[in-house]
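# Secondary and tertiary structure notes
In case you want the letters, here they are:
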Amino acid sequence: MSRLPAPGAPPGYRVHVEGRLDPGWSAWFDGLALSPEADGTTNIVVPDQAALHGLLAKVRDLGPVLISVEAIGPKPRGEPPEQTTTAGPPLP
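Residues numbered from 1 in each chain as written. Predicted model: local features only at pLDDT ≥ 70, side-chain atom pairs only at ≥ 80, totals over all residues. Heavy atoms only, no water.

## What to know about the nonpolar core
Note the following rule: Nonpolar cores were defined as sets of buried Ala, Val, Leu, Ile, Met, Phe, Trp, Tyr and Cys residues, with membership established by side-chain atoms within 4.5 Å. When accessible area is computed with a 1.4 Å probe and restricted to protein chains, residues below 20% of their type maximum are described as buried, those above 50% as exposed, and intermediate ones as partly exposed. Every helix listed is a DSSP run of H or I at least four residues long, and every strand listed is a run of E at least two residues long, numbered separately from the N terminus. Here, residues are in contact when the closest pair of their heavy atoms is within 4.5 Å.
With twelve residues, the main nonpolar core is built from Tyr13, Val15, Val17, Leu21, Phe29, Leu32, Leu34, Ile44, Val46, Leu52, Leu55 and Val59. At the level of secondary structure, the elements contributing two or more residues to this core comprise β1 (12-18), β3 (41-46) and α1 (49-62). In this structure Val15 touches Thr42, Asn43, Ile44, Leu52, Leu55, Leu66, Ser68 and Val69, once residues within four positions along its chain are discounted.

Right, dumping it as structure tokens:
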């Protein structure tokens with residue numbers, strides 16, 4: 001189930017890739033900040049879904065392994081906790 005962002009507070013996204021990308025690559029990534037991590041990976045934060053699509057194309061073109069994409073930002077107020085549902089009978 002998808003979530004709608006709270007009015008005035010659209011979520012951003014954190015893209016985690018393998019390899020330490022030097023912050024000098026920021027210009028190639030349309031000015032996004034690159035955060036090299038101690039474990040040899042890099043996080044890139046994008047402000048919205050449109051920027052995410054552009055970033056994913058650039059990551060594809062550059063070639064690092066995509067580790068994860070995570071929605072970040074505030075959750076709408078009063079949102080119930082996430083629930084999981086399964087189809088079919090429960091597993092033994």
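## Some words on the environment of Gly40
On the secondary structure map, Gly40 appears in the loop between β2 (34-36) and β3. Judged by relative accessible area, which is 25%, Gly40 ranks as partly exposed. Ignoring any residue separated from it by four or fewer positions in sequence, one finds Gly40 in contact with Glu18, Gly19 and Arg20.

## Regarding α1
Going by this rule: Take the number of residues in a helix, subtract one, and multiply by 1.5 Å to get its expected span. Arc definition: it is the arc formed by the directions from the helix axis to the C-beta atoms.
The terminal C-alpha atoms of α1, which comprises 14 residues, lie 20 Å apart, in line with the 20 Å expected from a rise of 1.5 Å per residue. Regarding α1, the residues found buried are Leu52, Leu55 and Val59. One side of α1 holds all its buried residues, which, seen down the axis, span an arc of 65 degrees. Looking at α1, the residues exposed on the side facing more than 90 degrees away from the buried face are Ala50, His53, Arg60 and Asp61.

## Things to note about the packing of aromatic side chains
In this description, an aromatic ring pair is defined by two values, namely the gap between the centres and the angle between the planes. Let me state the cut-off plainly: A pair of Phe, Tyr and Trp rings is counted when the ring centres sit within 6.5 Å of each other, with Trp represented by its six-membered ring. The angle between the planes then sorts it: under 30 degrees is stacked, over 60 is edge-to-face, the rest tilted.
As enumerated under the stated definition, the model contains two aromatic pairs in all. With a centroid separation of 5.6 Å and an interplanar angle of 85 degrees, the aromatic rings of Trp25 and Trp28 are classed as edge-to-face. Here Trp28 falls in the partly exposed class, since its relative accessible area comes to 33%. Ring geometry for Trp28 against Phe29: centres 5.1 Å apart, planes inclined by 80 degrees, an arrangement best described as edge-to-face. Note on Phe29: relative accessible area 1%, which makes it buried.

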